[in-house]
Amino acid sequence: MPAGFLWGTATAAHQVEGGNENNDWWDWEQTTGHIKDGSRSGLACDHFRRYQDDFQLLADLGQNAHRLSIEWSRVEPHPGQFDAEALAHYRRVLETMRALGLEPVVTLHHFTNPRWLAQQGAWTRPEVVDAFGRFVERVVRAYRDLVRFWITVNEPNIYASLGFATGEWPPGARDMLLAFRVLRHMVLAHGRAYQVIHREQPEARVSLAHHLRVFDPDRPAHRLDIWTARARDALFNRSILVALRDGRLRPPLGWGERIPELVGSLDYVGVNYYSRDRLAFDPLSPHRLFAREVRRECPRNACGWEIYPEGLYRVVRQAAEFGPVLITENGTADQDDELRPAYLLSHVRQLGQAVQDGLPVLGYLHWSSMDNFEWAQGFRMRFGLVHVDFATQERRVKPSGELYARICRAGGLTPDLLALAEARSA
Ligand code: FCB
């Protein structure tokens, strides 16, 4: 891998910190049925208090970078009022990371909204762009001496789909047009944040964390299946990247209008990659763009997502058209760490191939450092390299965590790890 390659892990505030009582997810969790296993984020991993030990462990495991998010509801608990204590807390967090040699990659919005913002309609209203810009300005002024890599928003496409189309996440809406409006506001907010960050810190490197999913036609030679998969790719994956490069809002973001704030607003491309969907044309699903997901027999994780390592290569190639790529998330739900070691090897191998083929890759951040609160799935879905006993808060490094340490220390797959990867995939 190239010099300076980032090897690390990723988390989000609400999933690990605990005690985030002032946001919309906290409220959502209180209603029975919203979280599949009946859990609530509660104390989560108590990372808000244990961050020093947690970061020490990651550094001991050979990692040199870590992605985390700043919880908006802590920093701005009331509109326009910033909390000095919370700002001081994240300063200590970032200083600790720096002292341990962990390069911070900082996300400014990772799914949760302050309660006051949610009450104002949050991302459904255009005013959110100004509100987000104000928050970002404050945060960047506070930490520009400590942070180089910023991520404005995490996965606008997933946020809009689950919160506003399927209704599985807060606010639980089921309205495709509203989902498109939310998506548009997130893209505009990215543009605003990009400009604010660069004004405050010209040398900053700014991106979003974009969820890229592979969509393949279920019947590879079937013209309508091909069309369906391409349409989904254009709307879900590509439209956002095009908007952030050219400034043009194409459907579903808009009707082609050009927004100057968005032009060239990616210094690198943060990519979250997990899985692929196989799509078949279905005339009975106009509301799903005539696509039906086909579930073929194939390796799947605990969430039922297909495990498809080649997809990582494919999304890196797709994203590289828009800038150097940083893998900001990649990982799998696996209760007993049975799948994760092979998952890790096969995905890192694909990444190595991408680099060998000349694609620009800045780093790989595995989701996640430790088991945590997996949104509507609750604590049942374990994505960590480190096991967390949520009753005692005890951490235990899993075999995959040890394996990842070997990869990080070697800076990639050594011949013996490569042999292991080949044996596992055979
Ligand atoms: C991504 C989210 C992240 C985590 C993983 C499993 O969509 O960004 O917070 O939940 O999925």
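Located above this text is the structure these notes cover.
Here goes a summary of the coordinates provided.

Thresholds applied
- Residues numbered from 1 in each chain as written.
- Predicted model: local features only at pLDDT ≥ 70, side-chain atom pairs only at ≥ 80, totals over all residues.
- Heavy atoms only, no water.
- Pairing = 2+ DSSP bridges.
- Helix = DSSP H or I, 4+ residues; strand = E, 2+ residues; numbered from the N terminus.
- Axes fitted to C-alpha atoms, helices over the stretch in contact; angles between N-to-C directions.
- Contact = heavy atoms within 4.5 Å.
- Near = heavy atom within 4 Å.
- Polar contact = N/O pair within 3.5 Å; in protein donor to acceptor, adjacent residues only side chain to side chain.
- Areas by Shrake-Rupley, 256 points an atom, 1.4 Å probe, with all protein chains shown as cover.
- Nonpolar A, V, L, I, M, F, W, Y, C, P; charged D, E, K, R; others polar.
- Core = buried A, V, L, I, M, F, W, Y, C linked by side-chain atoms within 4.5 Å.
- Buried < 20%, exposed > 50% of the residue type's maximum accessible area, 1.4 Å probe, protein only.
- Salt bridge = Lys/Arg side-chain N within 4 Å of Asp/Glu carboxyl O.

Some points on the sheet that holds strand β2 (residues 65-69)
Next, step 1: Judged by pairing direction, the barrel is parallel, and its 8 strands sit side by side in the order β1-β2-β3-β4-β5-β9-β12-β13 before closing back on the first. Across this sheet, the average inter-strand angle for adjacent strands is 25 degrees, counted without regard to direction.
Next, step 2: Across 4 bridges, strand β3 (residues 103-109) lies against strand β4 (residues 149-154) in parallel orientation. Note that in β4 the partner of H109 across the bridge is V153.
Next, step 3: The strands touched by helix α8 (residues 156-165) within the sheet are β3, β4 and β5 (205-211), with β5 carrying the most contacts at an inclination of about 40 degrees.
Next, step 4: Taken strand by strand, helix α13 (residues 399-410) contacts β1 (6-10) and β13 (361-367), and its axis lies near 150 degrees from that of β1.

Here's the deal with the site of the ligand
Next, step 1: Taken together, Q15, H110, F111, N154, E155, Y274, E329, W367, E374, W375 and F383 make up all the residues around the ligand.
Next, step 2: The separation between an oxygen atom of the ligand and a polar side-chain atom of Q15 is 2.8 Å.
Next, step 3: Separating an oxygen atom of the ligand from a side-chain N or O atom of H110 is a distance of 2.8 Å.
Next, step 4: When the ligand is considered free in solution it has 300 Å² of accessible area, and contact with the protein chains removes 96% of it.
Next, step 5: Here the residues of the shell around the ligand are counted per class, giving 5 nonpolar, 3 polar and 3 charged.

Some remarks on the nonpolar core
Next, step 1: Membership of the largest hydrophobic core comes to 128 residues, with the highest contact counts inside it found for W123, F132, F135 and W150.
Next, step 2: Residue contributions to this core peak at 12 residues, all from helix α9 (residues 176-200).
Next, step 3: With 7 residues, the next largest nonpolar core counts V16, V386, V388 and A405 among its residues.

Some words on unusual backbone geometry
For residues other than glycine, phi is negative in most cases, and the peptide bonds are mostly trans.
Next, step 1: Residue P170 is joined to P171 through a cis peptide bond whose omega torsion reads 10 degrees.
Next, step 2: Here W367 and S368 are connected by a cis peptide whose omega angle stands at 10 degrees.
Next, step 3: Assignment of secondary structure puts S368 in the loop between β13 and β14 (386-389).
Next, step 4: Backbone geometry at L289 places phi at a positive 55 degrees, although glycine is not the residue there.
Next, step 5: Of note, L289 is situated in the loop between β10 (276-281) and β11 (291-293).

As for the pattern of salt bridges
Next, step 1: Under the definition given, this model contains 36 salt bridges.
Next, step 2: In this structure, E329 engages R67 in a salt bridge whose closest nitrogen and oxygen atoms are separated by 3.0 Å. In this pair, E329 is assigned in strand β12 (residues 325-329) and R67 in strand β2, connecting sequence segments 262 residues apart.
Next, step 3: For R245, the salt bridge identified is with D246, shortest N-O distance 2.9 Å.
Next, step 4: With a relative accessible area of 31%, R245 lands in the partly exposed category.

By themselves these figures say nothing about function.
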